[in-house]
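Residue-level listing of the chains:
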Amino acid sequence: MKQFLYSLSILCLVVSCAGETENTMTVSGNIKGLKKGTLYLQYVKDTTLVTVDSLEIEGDGNFTFQTALKSPELFYLYLNKKDNNDVNDRLSFFAEPGLITIKTNWNTFDTKAKITGSKSHEKLQEYQKVMSKNNLRSLELIQMAANQNAQYGQQELDSIELLYTKKIKRNYIYAINFAINNKDSYIAPYIAVKEIPDANIIYLDSIASVLPANVSNSKYGKELTKLLAKKKS
């Protein structure tokens, strides 16, 4: 009897894995506190948000999605809590083959998510952490200039504008250097085409020139090639 149960468990494992390939991504996790809702797995195709799969959740907030990837790229989880409020209902993660685990809460769905299993996403978070601080400082400078109670003179306004311009330039420099220093990551071309597409062609070309074949042939690598061709035409 034990031998039969063991053989049955092996058979179930083989069957469950039969559809998987080296390009298969499995996304699983838990949305703490969610009692009822619909979860959607999505990505952008030709500027259109496409739903890959969906799941009705009732009770425990557990979920699992599995799909084949053509290339590592940004995916989204959209949660319809059926509360007529779309705020904080969509989180992004950098999808890649393998097992990715996402744990979050129903009421802080996109802000408190813990995402593990994707090296590309880890790099994306590293980049975003620094850029978030930089952008916060840029916002502070804008608010300073817009403060009607401050009664700045022209010289002071020029000084704030100069600081803002320098901050923006440093943001571009950081993005370019991050992409080049992480050329083996699928994040590199993503930063080029999604974060700094209006950068000088010299710098975009510098990023493209150091990418290994697998990254250059990825979704964002190909988009970078098209972007460069368009700028050069």
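Residues numbered from 1 in each chain as written. Predicted model: local features only at pLDDT ≥ 70, side-chain atom pairs only at ≥ 80, totals over all residues. Heavy atoms only, no water.

### Considerations on the packing of helix H5 (residues 201-210) against helix H7 (residues 219-232)
Packing of H5 against H7 brings their axes to within 10 Å, and their N-to-C directions diverge by 145 degrees. As H5 packs across H7, the resulting crossing turns out to be left-handed. Every residue of H7 that contacts H5 at Ile201, Leu204, Asp205, Ile207 and Ala208 is listed here: Leu224, Leu227, Leu228, Lys231 and Lys232. Grouping the constituent residues of the contact of H5 with H7 by class yields seven nonpolar, no polar and three charged. (Axes fitted to C-alpha atoms, helices over the stretch in contact; angles between N-to-C directions. Helix = DSSP H or I, 4+ residues; strand = E, 2+ residues; numbered from the N terminus. Left-handed = near helix turned anticlockwise from the far one by under 90°. Contact = heavy atoms within 4.5 Å. Nonpolar A, V, L, I, M, F, W, Y, C, P; charged D, E, K, R; others polar.)

### Brief notes about helix H4 (residues 187-195)
Within H4, seven of the nine residues are buried, which leaves it mostly tucked inside the rest of the structure. Along H4, the residues classified as buried are Ile187, Ala188, Pro189, Tyr190, Ile191, Ala192 and Val193. (Buried < 20%, exposed > 50% of the residue type's maximum accessible area, 1.4 Å probe, protein only.)

### Some words on the confidence of the model for the chain
Confidence along the chain averages 87 in pLDDT terms, with 86% of residues attaining 70 or more. Note on residues 1-18: pLDDT is under 50 here. Beyond four places in sequence and across chains, it has zero contacts. (pLDDT = per-residue confidence, 0-100.)

### Examining the pairing of strand S5 (residues 73-80)
Among the eight residues of S5, seven are classified as buried, and the element is accordingly described as predominantly covered. Note: strand S2 (residues 36-45) against S5, six bridges, orientation antiparallel. Within the sheet, the bridge partner assigned to Thr38 lies in S5 and is Asn80. (Pairing = 2+ DSSP bridges.)

### A look at the packing of aromatic side chains
Counting across every chain of the model gives ten aromatic pairs. Geometrically, the ring pair formed by Tyr43 and Phe75 is stacked, given 5.3 Å between the ring centres and 10 degrees between the ring planes. Of this pair, Tyr43 sits in strand S2 while Phe75 sits in strand S5, and the two are 32 residues apart along the sequence. Taking relative accessible area as the criterion, Tyr43 reaches 18% and is therefore assigned buried. Consider the rings of Phe94 and Tyr190, whose centres lie 5.8 Å apart with planes at 85 degrees: the pair is edge-to-face. Taken together, the residues span a long stretch of sequence, with Phe94 in strand S6 (residues 90-95) and Tyr190 in helix H4 at a distance of 96 residues. (Phe/Tyr/Trp six-rings, centres within 6.5 Å; stacked < 30°, edge-to-face > 60°.)

### Digging into the sheet that holds strand S4 (residues 62-68)
Taken in spatial order, the four strands of this open sheet run S4-S1-S7-S8, and their pairing is mixed. Here the strands that pair on one side only, and so sit at the sheet edges, are S4 and strand S8 (114-116). Adjacent strand axes in the sheet meet at a mean angle of 15 degrees, parallel and antiparallel pairs treated alike. Bridging between strand S7 (residues 98-105) and S8 involves three bridges; their strand directions are antiparallel. Bridge pairing in S8 links Thr101 to Thr116.

### Quick word on a nonpolar patch on the surface
A cluster of nonpolar side chains, namely Leu136, Leu139, Ile142 and Tyr164, defines an oily patch on the protein surface of about 340 Å² accessible area. Take the nonpolar patch: its biggest share by element is three residues, from helix H2 (residues 119-146). Along the chain, Tyr164 falls in helix H3 (residues 154-181). The exposure class assigned to Tyr164 is partly exposed, which follows from its relative accessible area of 31%. (Patch = residues over 30% accessible without salt bridge, like charges linked within 9 Å, V, L, I, M, F, W, Y side chains within 5 Å. Areas by Shrake-Rupley, 256 points an atom, 1.4 Å probe, with all protein chains shown as cover. Salt bridge = Lys/Arg side-chain N within 4 Å of Asp/Glu carboxyl O.)

### Description of the layout of surface pockets
Here the largest pocket defines a volume of roughly 720 Å³. Lining the largest pocket are 27 residues, and of these Tyr43, Val44, Glu73, Lys219 and Glu223 lie nearest its centre. Going through the elements one at a time, S2, S4, S5, H4 and H7 are the ones with two or more residues in the lining of the largest pocket. For the lining of the largest pocket, the per-class residue count stands at twelve nonpolar, six polar and nine charged. One number sums up the size of the second largest pocket: a volume of about 210 Å³. Lining the second largest pocket are Arg90, Leu91, Ser92, Asp110, Thr111, Lys112, Ala113, Ile115, His121, Leu124, Gln125 and Gln128. Ranked by the residues each element gives to the lining of the second largest pocket, the list is headed by H2, at four residues. Counted by class, the lining of the second largest pocket contains four nonpolar, five polar and three charged residues. (1 Å grid on protein atoms, 1.4 Å probe; cavity = no way out; pocket = protein on both sides within 12 Å on 5 of 7 lines; lining within 4 Å. Points joined across faces, edges and corners; volume = space filled by probe spheres on them.)

### So, the pattern of salt bridges
All chains considered together, the criterion is met by five salt bridges. Between Lys219 and Glu73 there is a salt bridge, with its nearest N and O atoms 2.6 Å apart. Of this pair, Lys219 sits in helix H7 while Glu73 sits in strand S5, and the two are 146 residues apart along the sequence. Owing to a relative accessible area of 22%, Lys219 belongs among the partly exposed residues under this scheme. What makes Glu73 buried here is its relative accessible area of 7%. Here Lys194 ties to Glu223 by a salt bridge, and the two come within 3.6 Å at their closest N and O atoms. Remark: Glu223 occurs in helix H7 and Lys194 occurs in helix H4; sequence separation between them is 29 residues. Owing to a relative accessible area of 44%, Lys194 belongs among the partly exposed residues under this scheme. For Glu223, a relative accessible area of 27% gives the class partly exposed.

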